[in-house]
Amino acid sequence: MQLSRTAQLAQKASSQRAVIRRGSCVQTMASAKPALKLYYFDIPGRAEATRLLLRLGKYPFEDYLLKREEWAELKPKMPFGQVPVLEVDGKLLSQSSAMERFVAKLTDQYPSDPWEAAKVDEIAAFMGEWLDIFIPSFFIKDENEKVAARKQVVEEKLKPKIQKLSELIEKAGPDNYLCGPKITYADVQAFVQLSFMVSGFFQGVPTDLYAPYPAVRAFHARIASLPEVVEAYKDVTEGPRATYKTLP
Ligand SMILES: N[C@@H](CCC(=O)N[C@@H](CS)C(=O)NCC(=O)O)C(=O)O
């Protein structure tokens, strides 16, 4: 697996510049509408918010789905040895949250006002915690213990967060998205994490998790019914993306 020729040249140029500029991260964007290529596995995981933001923003991009056998060769070429990675006019951007914010800005789903942007970030960070609370359980080897630990996380940590999201949705009101009348990165992040939690990836998390939260279910259904989202999942019938189409 090779990085594209432009990415290789950009990597070389950037390492040469780094010597001269001693670590400066500031580089000018080559064009107003950069060409994008997303590298990730064929799973939703940490790339799905970026994919959906681009689809909602009708921004063309290449969705490069990595095969497991390509990974050993590609890993050392990635800025942090991990994916997702977004190639932007040949330059590589890592870290899903940086990529999400970057594409949200490119596609006008991120406010320019600093306070409004901070409120969007606040919700995006809150939604990121939904995944963080399960990370320790991934290191438990015994399957029964893992499922028991996850059930405890659901009761003690996840349910209060679902309740909080439900309150935020109700406070915003039926005519608004989470941060006002326009869809933003906050909504996309909320939609993606809601879907991910019950996608089957987290054994031990019940699929009827949102049954007691009608506002949360309505929010999910509203985002899922946007034409770009319908189009993104139109061929999905089962598997890890089924809950992005409809909640169980
Ligand atoms: N903080 C990173 C985490 C990225 C990450 O954990 N990537 C995993 C896949 S979800 C990965 O590349 N695993 C393969 C490896 O580490 O070799 C992000 O948010 O992008």
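Scroll up to find the structure.
Per-chain numbering applies: the sequence of each chain, read as written, is numbered from 1 onward. Since the coordinates come from a predicted model, pLDDT governs what is reported: local features require at least 70, and pairs of side-chain atoms require 80 or more to be given and counted, while whole-chain, interface and lining totals use all residues. The basis for every side-chain value is the complete set of non-hydrogen atoms in the structure, without hydrogens or water.

### Concerning the overall build of the protein
We count it as follows: In this text, helices come from DSSP runs of H or I with a minimum length of four residues, and strands from runs of E with a minimum of two, each type numbered from the N-terminal end. Remark: exposure states derive from per-residue accessible area (1.4 Å probe, protein chains only) relative to the maximum for the residue type, with buried under 20%, exposed over 50%, and partly exposed in between. Contacts are assigned to residue pairs that have any heavy atoms within 4.5 Å of one another. All accessible-area figures derive from a Shrake-Rupley calculation using a 1.4 Å probe, and residue coverage is judged against the displayed protein chains alone.
Looking only at helices and strands, the protein has 10 helices and four strands in total. Listing the helices and strands of the protein from first to last along the sequence gives α-β-α-β-α-β-β-α-α-α-α-α-α-α. The proportion of buried residues among the 248 residues of the protein is 46%. The contacts of the protein with a sequence gap of at least 6 include a subset with a gap of at least 24, amounting to 70%. Carbon and sulfur atoms make up 56% of the accessible area of the protein, which totals about 13,200 Å².

### Digging into the site of the ligand
Short version of the rule: A molecule or strand has a residue near it when one of that residue's heavy atoms lies within 4 Å. Two N or O atoms count as a polar contact when they lie within 3.5 Å, although within protein this holds only if one can serve as hydrogen donor and the other as acceptor, and sequence-adjacent residues are included solely when both atoms are side-chain atoms. Gly falls in the polar group here, along with every residue not listed as nonpolar (Ala, Val, Leu, Ile, Met, Phe, Trp, Tyr, Cys, Pro) or charged (Asp, Glu, Lys, Arg).
Around the ligand, the neighbouring residues are Tyr 40, Arg 46, Trp 71, Lys 75, Gln 82, Val 83, Pro 84, Gln 95 and Ser 96. Note that a nitrogen atom of the ligand is positioned 2.7 Å from one of the side-chain N or O atoms of Gln 95. Considered on its own, the ligand offers 510 Å² of accessible surface; in the complex 71% of this is hidden by protein. Residue composition of the shell around the ligand, by class: four nonpolar, three polar and two charged.

### Some details on the packing of aromatic side chains
Defined as follows: By convention, a stacked pair of Phe, Tyr or Trp rings (six-membered ring in the case of Trp) has centres within 6.5 Å and planes under 30 degrees apart, an edge-to-face pair has planes over 60 apart, and any other such pair is tilted.
Per the stated rule, a full pass over the model turns up 12 aromatic pairs. Seen in terms of ring centroids, Phe 134 and Phe 202 are 5.1 Å apart; in terms of plane orientation they differ by 45°. Their pairing is tilted. One end of the pair, Phe 134, is in the loop between helix 5 (114-132) and helix 6 (143-172); the other, Phe 202, is in the loop between helix 7 (185-197) and helix 8 (214-224), with 68 residues separating them in the sequence. Taken as a pair, Phe 134 and Phe 202 share a single burial class, namely buried.

### Some remarks on the sheet that holds strand 4 (residues 91-94)
Convention followed: Should DSSP find at least two bridges between two strands, the strands are regarded as paired. Under this scheme, a helix contributes an axis fitted over its contacting stretch, all axes are lines through C-alpha atoms, and angles between N-to-C directions fall in the 0 to 180 degree range.
Across the sheet, which stays open at both edges, the four strands sit in the order 2-1-3-4 with mixed pairing between neighbours. Each having just a single partner strand, strand 2 (62-66) and strand 4 make up the two edges of the open sheet. With direction set aside, neighbouring strand axes in the sheet form an average angle of 25°. The sheet contact formed by strand 3 (residues 85-88) and strand 4 spans four bridges and is antiparallel. Across the sheet, residue Leu 86 finds its bridge partner in strand 4, namely Leu 93. The strands touched by helix 2 (residues 48-56) within the sheet are strand 1 (36-41) and strand 2, with strand 1 carrying the most contacts at an inclination of about 145°. Set on the sheet, helix 4 (residues 96-106) makes contact with strand 1, strand 3 and strand 4; between it and strand 4 the angle comes to about 115°.

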